[in-house]
Amino acid sequence: MNPSLKKPRESVDLSNSSELTQSAFPDEVLEKVLSLVQSHKDRNSASLVCKDWYNAERWTRTKLFIGNCYSVTPEIVARRFPKIKSVTLKGKPRFSDFNLVPENWGADIQAWLDVFAKVYPFLEELRLKRMAVSDESLEFLAKSFLGFKALSLLSCDGFSTDGISSIAAHCKNLTELDIQENGMDDICGSWLSCFPDDFTSLEVLNFASMNTEISKDALERLVGRCKSLRVLKVNKNVTLPQLQRLLVRAPQLMELGTGCFLPDQLTSRQYAELESAFSNCKHLHSLSGFWEANRRYLPSLYAACANLTFLNLSYETIRSGEFSKLLAHCPNLRRLWVLDTVKDKGLEAVGTSCPLLEELRVFPADPFEEDMDHGVTESGFVAVSAGCPKLQYVLYFCRQMTNAAVATIVRNCPNFTHFRLCIMNPGQPDYLTNEPMDEAFGAVVKTCRKLQRLSVSGLLTDLTFEYIGMYAKNLETLSVAFAGSSDWGMQCVLDGCSKLRKLEIRDSPFGNAALLSGMGKYESMRCLWMSACRVTMNGCRILARERPRLNVEVIKDEHSDDYADKLYVYRSVAGPRRDAPPFVVTL
């Protein structure tokens, strides 16, 4: 029968019946439509409509996002989705970035690769974050998937440049190799020489976080061969003259991570060649790198700045003067990352020069420096908000803040979706009034109705959390440190924030009553992390007993038998994990 003549199935009105519906579309049409849907959230929703939609979504999904590698097993994934080509997989809790998760906690990729090699031999992309990855796993990956194209490793550990050499040598169709902020062993830089001489497919190459010297000749040959290369981020061992030669070979670059910007004295000719190379990069929209930048050479960038939408200076202690001059050439910036060495004066230049800015991140050059003269204050933040009304995302490290300043900032920029204010001195009040910072975050949640992510800091009472529960109705992620007065604060958040998916709390006075108040909510969330709080082992056992579909894991402190030093709670369809180390107690 001609598929176009198939009789559509009758559908059931869900408003009047709880009966399972059937699709009104022929299978071929439904599968074609769903194949065009890219959002994993939308696809998840579509699969819940009815059995026909579930099956169509199952057979048309080629990309998979798993936010917690222990929320499901690779075997379950393989049974559900037979045609996966791209996988994004996250492992350890985010607090592993702050050394709060012990080594050998888990999240090993090998079990996933063993299954994928059997059911997805056509796998093309693997993107891992906070996973344990060995050299043997990378070699297995390189040899098991003949059409493999893209590997991204972010904040992973356990591997070395030997594993990267295997990827370079065996993945003949590789288009992306992105190695960022990993705990890896830099044994040597010869891995670049492992790419075959006829290899030309690379589009993305990022090894900015590697420390060893590399083969400069091999890099130049590789960049020269790969005519489709659009992203190149090199490490600090690449000098300015070497960078110039790379730019000459790849003027088509769209994203560039420079090497060291502090070479030996450049001759006038070398400087002119560098400036010319940057000016020929007509498509450049992202710049990063700049280790040890020398202000004498920053003007060489000016010709390439007009089209920049992202500037990352978070590795360089650039001062406000040269920073302001650079910004004057970047009128189209949407995203800016800097260190607090730019001071308030530099942030005033942001407000003057970057009216289209949507994202600002200001990191501390030295988190342990207590001298107020070496950072930024509320004044710089207010200046940015006054000149950048489109600001939606902020991560701001500072040592002082006031309630009035935050109220002004959100009044100037009411469309914040991500507001992460990190006052680095725990329990720091409004330094002018000596009052808690409750009204500051109250202003944030009352004004910014699109808020999805919030990090709170400073001296905070339960009033802050009462405000959050009352007004932050779209909040998905909340991070709390050194804040709160009693269990009531956490209860307000759990009761009021219906869309909450991740709750991260450390060094706060929340105990069993707070933990158990969210018993009915945790199954709809991705995870809960609590460390250095007042939760006891008995409270954790009650939660585990009442909600058996949750994995309730306690990372035990050898000095405490009664309290749960670190608690990690997450939903899982796989049950307790089988590879938990001895220091992880699963209840």
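Residues numbered from 1 in each chain as written. Predicted model: local features only at pLDDT ≥ 70, side-chain atom pairs only at ≥ 80, totals over all residues. Heavy atoms only, no water.

Under an unreviewed UniProt entry, the name given to the protein chain is F-box domain-containing protein, and the organism recorded is Solanum pinnatisectum. The Subcellular location (unreviewed entry) field of the UniProt record for the protein chain holds the comment "Nucleus". The Pathway (unreviewed entry) field of the UniProt record for the protein chain holds the comment "Protein modification; protein ubiquitination." (UniProt positions renumbered as here; feature names shortened; annotations may be inferred.)

A. Looking closely at the pairing of strand S6 (residues 176–180). Across the 5 residues of S6, 4 count as buried, placing the element largely inside the fold. By the bridge criterion, 5 bridges tie strand S4 (residues 150–154) to S6 in an arrangement that is parallel. If you follow Leu 153 over to S6, its bridge partner there is Ile 179. Of the strand pairs in this sheet, S6 and strand S8 (residues 204–206) are connected by 3 bridges, and their pairing is parallel. Residue pairing for S8: Asp 178 is matched across the bridge by Asn 206. (Buried < 20%, exposed > 50% of the residue type's maximum accessible area, 1.4 Å probe, protein only. Helix = DSSP H or I, 4+ residues; strand = E, 2+ residues; numbered from the N terminus. Pairing = 2+ DSSP bridges.)

B. Looking closely at the packing of helix H14 (residues 403–412) against helix H15 (residues 438–447). Taken N-terminus to C-terminus, the directions of H14 and H15 make an angle of 10°; their axes are 7 Å apart at the nearest point. Of the possible angle classes, the one that applies to H14 and H15 is roughly parallel. The interaxial crossing formed by H14 with H15 has right-handed handedness. The segment H14 lies against H15, with Asn 403, Val 406, Ala 407 and Val 410 engaging Asp 438, Glu 439, Ala 440, Ala 443, Val 444 and Thr 447. Along the lines of polarity and charge, the residues of the contact of H14 with H15 split into 6 nonpolar, 2 polar and 2 charged. (Axes fitted to C-alpha atoms, helices over the stretch in contact; angles between N-to-C directions. Parallel < 35°, antiparallel > 145°, perpendicular 65-115°, else oblique. Left-handed = near helix turned anticlockwise from the far one by under 90°. Contact = heavy atoms within 4.5 Å. Nonpolar A, V, L, I, M, F, W, Y, C, P; charged D, E, K, R; others polar.)

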